[in-house]
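Coordinates in review
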Amino acid sequence: MNPQAKLVFTASLLLGTTITISSNHWILAWTGLEINTLAILPLISKSHHPRAIEAATKYFLVQAAASALLLFSSMTNAWYTGQWDITQLTHPTSCLILTSAIAIKLGLVPFHFWFPEVLQGSPLTTGLLLSTAMKFPPITLLFMTSQSLNSTLLTTMAVLSTALGGWMGLNQTQTRKILAFSSISHLGWMAIIITYSPKLALLNFYLYTLMTAAVFLTMNSMKVLKLSTLMTSWTKSPALSATLLLTLLSLAGLPPLTGFLPKWLIIQELTKQEMPLVATAISLLSLLSLFFYLRLAYCSTITLPPHTTNHMKRWHTHKPVSTQIAILTTLSIMLLPISPIFLTIM
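Conventions and cut-offs
Residues numbered from 1 in each chain as written. Predicted model: local features only at pLDDT ≥ 70, side-chain atom pairs only at ≥ 80, totals over all residues. Heavy atoms only, no water. UniProt positions renumbered as here; feature names shortened; annotations may be inferred. Helix = DSSP H or I, 4+ residues; strand = E, 2+ residues; numbered from the N terminus. Domains from an automatic or database assignment. Contact = heavy atoms within 4.5 Å. Buried area = accessible area lost by both parts, 1.4 Å probe. Salt bridge = Lys/Arg side-chain N within 4 Å of Asp/Glu carboxyl O. Polar contact = N/O pair within 3.5 Å; in protein donor to acceptor, adjacent residues only side chain to side chain. Nonpolar A, V, L, I, M, F, W, Y, C, P; charged D, E, K, R; others polar. Core = buried A, V, L, I, M, F, W, Y, C linked by side-chain atoms within 4.5 Å. Buried < 20%, exposed > 50% of the residue type's maximum accessible area, 1.4 Å probe, protein only. Phe/Tyr/Trp six-rings, centres within 6.5 Å; stacked < 30°, edge-to-face > 60°. Lys NZ or Arg CZ within 6 Å of the ring centre and 35° of its normal.

1. Considerations on the UniProt feature "transmembrane region" (unreviewed entry) in the protein chain
In the UniProt entry, the feature "transmembrane region" (unreviewed entry) is given for residues 56–76, 96–115, 152–171, 178–196, 202–219, 239–257, 277–304 and 325–345. Overall, residues 152–171 shows 85% helix and 0% strand. The separation of its end C-alpha atoms is 31 Å. Taken end to end, residues 178–196 has its terminal C-alpha atoms 29 Å apart, with 84% of it in helix and 0% in strand.

2. Re the domain arrangement of the protein chain
Assigned domains of the protein chain: these are domain 1 (1–124) and domain 2 (150–305 + 320–345). Relative to domain 2, the C-alpha centre of domain 1 lies at a distance of 24 Å. On the domain 2 side, the residues contacting the 18 residues of domain 1 number 23 residues. For the pair domain 1 and domain 2, the two sides together bury roughly 1800 Å², of which 76% comes from carbon and sulfur. In terms of surface lost to domain 2, no three residues of domain 1 exceed Val 109, Gln 120 and Leu 124, which account for 40% of the buried area on that side. In this assembly, domain 1 and domain 2 are joined by 1 salt bridge. Here Lys 177 makes a salt bridge to Glu 117, at a shortest N to O gap of 3.5 Å. Counting across the interface, domain 1 meets domain 2 through 5 residue pairs in polar contact (both at pLDDT 80 or more). At the level of secondary structure, the elements contributing two or more residues to the side of domain 1 that touches domain 2 comprise helix H4 (92–106) and helix H5 (114–120). Considering only residue class, the side of domain 1 that touches domain 2 consists of 12 nonpolar, 5 polar and 1 charged.

3. A look at the nonpolar core
Ranked by internal contacts, the top residues of the largest apolar core, which has 96 residues, are Tyr 59, Leu 130 and Leu 141. In terms of residue count, helix H10 (residues 198–222) provides more of this core than any other element does, 16 residues in total. Residue contributions to this core reach at least three from each of two domains, namely domain 1 (1–124) and domain 2 (150–305 + 320–345). In contact with Leu 141, not counting residues within four places along its chain, are Thr 20, Trp 26, Ala 29, Leu 33, Leu 70, Ile 86 and Ile 102.

4. Some remarks on the environment of Leu 13
Assignment of secondary structure puts Leu 13 in helix H1 (residues 3–22). Residue class for Leu 13 comes out buried when judged on its relative accessible area of 9%. In this structure, the C-alpha to C-alpha distance between Leu 13 and Leu 38, residues 25 residues apart in sequence, is 8.7 Å. In this structure, Leu 13 is in contact with Asn 36, Ala 39, Ile 40, Leu 43, Leu 129 and Met 134, ignoring residues within four places of it in sequence.

5. What to know about the packing of aromatic side chains
Applying the stated criterion across every chain, the model contains 8 aromatic pairs. Aromatic pair Phe 136 and Phe 205: ring centres 5.7 Å apart, planes at 5°, arrangement stacked. Here Phe 205 lies in helix H10 and Phe 136 lies in helix H7 (residues 136–144), a separation of 69 residues in the sequence. Members of the aromatic cluster, connected to one another through ring pairs, are Phe 136, Phe 205, Tyr 206 and Tyr 208. Taking NZ or CZ as reference, Lys 135 lies 3.9 Å from the ring centre of Phe 115, over its face.

6. Thoughts on the pattern of salt bridges
Under the counting rule described, the total for this entry stands at 3 salt bridges. The partner of Glu 54 in a salt bridge is Lys 58, with the nearest N and O atoms 2.8 Å apart. Taken as a pair, Glu 54 and Lys 58 lie in helix H3 (residues 50–81) at a separation of 4 residues, close to a single helical turn. When its relative accessible area of 38% is taken as the criterion, Glu 54 is described as partly exposed. On the accessibility criterion, Lys 58 (29% relative accessible area) is partly exposed. A single network of salt bridges, built from pairs that share partners, joins Glu 54, Lys 58, Glu 117 and Lys 177.

7. Topic: the environment of Phe 292
Examined against the element boundaries, Phe 292 turns out to sit in helix H15 (residues 276–301). As a C-alpha pair, Phe 292 and Leu 179 span 113 residues in sequence and 9.8 Å in three-dimensional space. Apart from residues no more than four positions distant in its own chain, Phe 292 is found in contact with Gly 165, Gly 166, Gly 169, Leu 170, Ile 178, Phe 181 and Ser 182.

What follows is the structure, encoded as structure tokens:
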């Protein structure tokens, strides 16, 4: 892609995100989301492969439907209350439509169907943007309207997201699809707590972004798109494979890694809200996603092919690990000891 074009699209992504997260008016928020959608489409379809074009088309249709619902929700609220302010969303029907619209934008169950397909058709760097940066504006809108959202509906969607995200990732062999289902599962954890402790949901999102960025950039550096390629990566880049193992375990939420912190705090908050059954259910369902993280980790570090493989071996180029991967991986592994600082901010 032309560097100037890439610069324009990246600047548009930043602009769209900034407009949405800093707006108080529904029309401005909607405008920011539309700019974001239009800016990411060329980045998805830049390879001109039929699958990339298909992914871009699916993404456009789904996001356009979600944006229309969001606009309809805000207009309904303005019709009944005379308020266009984002924080003044009080009409129950508007809240219901808004929850559906943002669930479609994020890829929460039962509106998750588009996300794995779109991620599978995108390059790894664009996949990283779709999994992290593109989810930030909708999460911000949920944060701003959290006091008026239906907590029962969100809890149901969250538990289903954690269940299906774990369940459907079990038999995947493509790393991008595995990461897509991982994202759906993590979104369940954010959605379940957003009405009770919005700051905790944002903290979960930030830490999820850190860990996912580390995994995507590591896989991009090793050029890994499927599990069979991951199995032969140990001999080429042992340091990256070892850190990928730890980052994946952190994404799974195992102590004493960073990923344990948001899950621990969310379970604690759910217990305070007298929801022990929901906390137990979501904890047990996260074991499903733990299985495919362990499968990825096993493939990246332990499995050396016992026989000569049929696919082409790549050249062993010992390029140095990039600084951004080193920083992100370190943060993805070692933030748990400073959790008291997060607790004071909360």
